[in-house]
Each structure stands twice: as structure tokens, then as C-alpha cells.
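Structural description and commentary
Listed below, chain by chain, are the residues.
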Amino acid sequence: MNDFGKFVKTHGPKLAPFVVSLILYFSLVRRDPQGELWTTVLKCLPIVALMFYVVVKGFSLKEDYRRSLWIILGLVFSCGGDALLNVNLFPFGMVSFGVAHVFYICAFGWKPLKWAIGLALYVAVSLFVYFVHDKLDEILIIGVPIYCFLIITMLWRAIARAVDAKNFLTIFCAVGAVLFVVSDALIAVTMFVGVPLPCPRLQIMITYYAAQFAIALSTADDGPQSSRSFRRKIK
């Protein structure tokens, strides 16, 4: 059996609760939630399932699992953000997701820096903030730029890490970071710009859950060096 087959056999069963929770959410929540408890629970379940995965695939408080710890904390605050957004507490949900991105940044680290990537991303997000700033109220006009800075920093660190590492998990994690930005951009253009997207909730949630899945899966190779079995380089 090749490395990929072994990886699927090892991690697939641990990801089964995530798959089941996705099926439940997308099959039962057919319209935009209105703050109901049951839709909030279903929305949070996939993220709770990813926390479960990060723990059961191998976890401890030792240094070898430090990245897993940061990502679990990021998932916890993401789950909080999901719940707050679902009950229409957008500013508080944004704060919770902002904290989540701080933990993801800690997980991805600051080496290598790759300043050119960061500069390009900051220029792009600055232009976006300038474009939407007159559409923000007195709270969001402060919170949105800060949040944009945090999520773009998270994206920068994920991409910088993937450029040098060149293995499947880090590249997939960077793809997840891109999808996270796409998901939030979809929220922004519908909420602040008023762009009428087809099935906006589906687009937002599919890209969001895919993003969180990729970020959580990046912890699969955490642990003692001897236990890391999915390090094959992408040629």
C-alpha cells in the first residue's frame, strides 16, 4: 500500500464524524438560519468534529504537538464565531474569528518570512478595505480592517510555509487558508457591497468548511519525528 493509501486508512475513520456532521448540516439546514438553537448546533458540529480529529489522531501538550494545540484553539474560537454569527451577533463573531486567526498564525509560525508574499497580500487587502470602508458602521469601520489584517496575515504565513516545505499537508493547508479568505470575501461582498450571489450561504459554508478541514488536516504529521509518515515531497 502506498503512502496515500496508508494515510487514508489511518485518518479516514477519524474524520468520519466530520463527514457525517457535514451531511447533517447541508441536508437539514435548507434556508438561511434565523438564530434557531438547532441550526446553531448543526453549524458548529463540523468544527467540533475537526477538534475531535485533531485530538484522536494523536495529541499531547508536549512540544511535538504544539501546532495541534494552536489549531485546536483556533477551531474552538471558530466554533464560537459560528455560533455568534448564527444568532446575528456579527461584531462579536468577527472578534471570535479574529482570535482564531491569531492562533492559526501561531500554528503556522514566522519562518520563512517571505516578505514579498506578505506585502502583496497587504496591498490587496488595503485596497479592499478602502473600497468598502464607507459602507461600514461605527463599530465595523474599526473591526473590519483589524480582522482583514489578521486573516491576511494567516494567509501569508500559510503560503510562506507551503512554499518552502513543499509537502502535501502544508500545501493543502495553504489551499485551506485561501479558501478561508474566499469564504469571508463572499460574506463581505454580499453584506457590504450587496452583490447578489446565487446560493450565497452554500458558497460561503462550502468554502469555509473546506478551509477548516484543510487546516485541521495539516496536523496529521504532528508528533515525534519517528511517527510522521506522510512527508512525501510534491515533485
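Here the residue numbering is sequential within each chain, running from 1 through the sequence in written order. Given that the model is predicted, a residue must reach a pLDDT of at least 70 before its local features are reported, and side-chain atom pairs must reach 80 or more before they are shown or counted; all residues, however, enter totals for whole chains, interfaces and linings. Side-chain figures throughout are based on the complete set of non-hydrogen atoms in the structure, without hydrogens or water.

Moving on: the overall build of the protein. A helix here means a DSSP run of H or I that spans at least four residues, while a strand means a run of E at least two residues long, and both kinds are numbered starting from the N terminus. For the protein, the helix and strand inventory stands at nine helices and zero strands. Each helix and strand of the protein, placed in order from N terminus to C terminus, yields the pattern α-α-α-α-α-α-α-α-α. In this description the radius of gyration comes from C-alpha coordinates, and the expected globular size is given by 2.2 Å times residues to the power 0.38. Rg of the C-alpha trace for the protein: 18 Å, near the compact-globule value of 18 Å for 235 residues, within the 12% margin. C-alpha extents for the protein along the principal axes are approximately 55 × 45 × 30 Å. For every residue, the accessible area obtained with a 1.4 Å probe (protein chains only) is divided by the maximum for its type, and the residue is called buried under 20%, exposed over 50%, and partly exposed between those limits. Counting across all 235 residues of the protein, residues that qualify as buried make up 45%. Only heavy atoms matter for contacts: two residues are in contact if any of them lie within 4.5 Å across the pair. Contacts spanning at least 24 positions in sequence make up 77% of the contacts within the protein whose residues lie at least 6 apart.

Time to look at the UniProt feature "transmembrane region" (unreviewed entry) in the protein. Taking the UniProt record as the reference, the feature "transmembrane region" (unreviewed entry) is found at residues 12-31, 37-56, 68-85, 91-110, 115-133, 139-156 and 168-194. A distance of 28 Å separates the end C-alpha atoms of residues 37-56, which is 100% helix and 0% strand. Structurally, residues 68-85 comprises 100% helix and 0% strand, and the distance from its first C-alpha atom to its last is 25 Å. UniProt positions are given in the numbering used here, feature names are shortened, and annotations may be inferred rather than shown by experiment.

A word on a nonpolar patch on the surface. By definition, no residue in a patch forms a salt bridge, and every one has over 30% relative accessible area; like charges are joined within 9 Å, nonpolar side chains (Val, Leu, Ile, Met, Phe, Trp, Tyr) within 5 Å. Working definition of accessibility: Shrake-Rupley area with a 1.4 Å probe, residue cover restricted to the visible protein chains. Each reported salt bridge corresponds to a side-chain nitrogen of Lys or Arg within 4 Å of a carboxyl oxygen of Asp or Glu. Together, V20, L24, L28, L37, W38, V41, L45 and V48 make up an exposed nonpolar region whose accessible area comes to about 710 Å². Put simply, the parts of the chain that give the nonpolar patch at least two residues each are α2 (16-28) and α3 (37-56). Top contributing element to the nonpolar patch by residue count: α3, with five residues. Summarising the element assignment, V41 is placed in helix α3. Residue class for V41 comes out partly exposed when judged on its relative accessible area of 42%.

Definition used in this section: a nonpolar core is a set of buried Ala, Val, Leu, Ile, Met, Phe, Trp, Tyr and Cys residues joined via side-chain atoms within 4.5 Å. Counting residues in each nonpolar core, the largest one holds 56 residues, and the members touching the most others are I47, L75, Y104, F108, M154 and F180. Those elements that place two or more of their residues in this core are α2, α3, α4 (66-86), α5 (90-108), α6 (115-132), α7 (140-165), α8 (168-193) and α9 (200-217). The biggest single contributor to this core is α7, with eleven residues. The contact partners of M154, leaving out residues within four places of it in the chain, are H101, Y104, I105, F108, A177 and F180.

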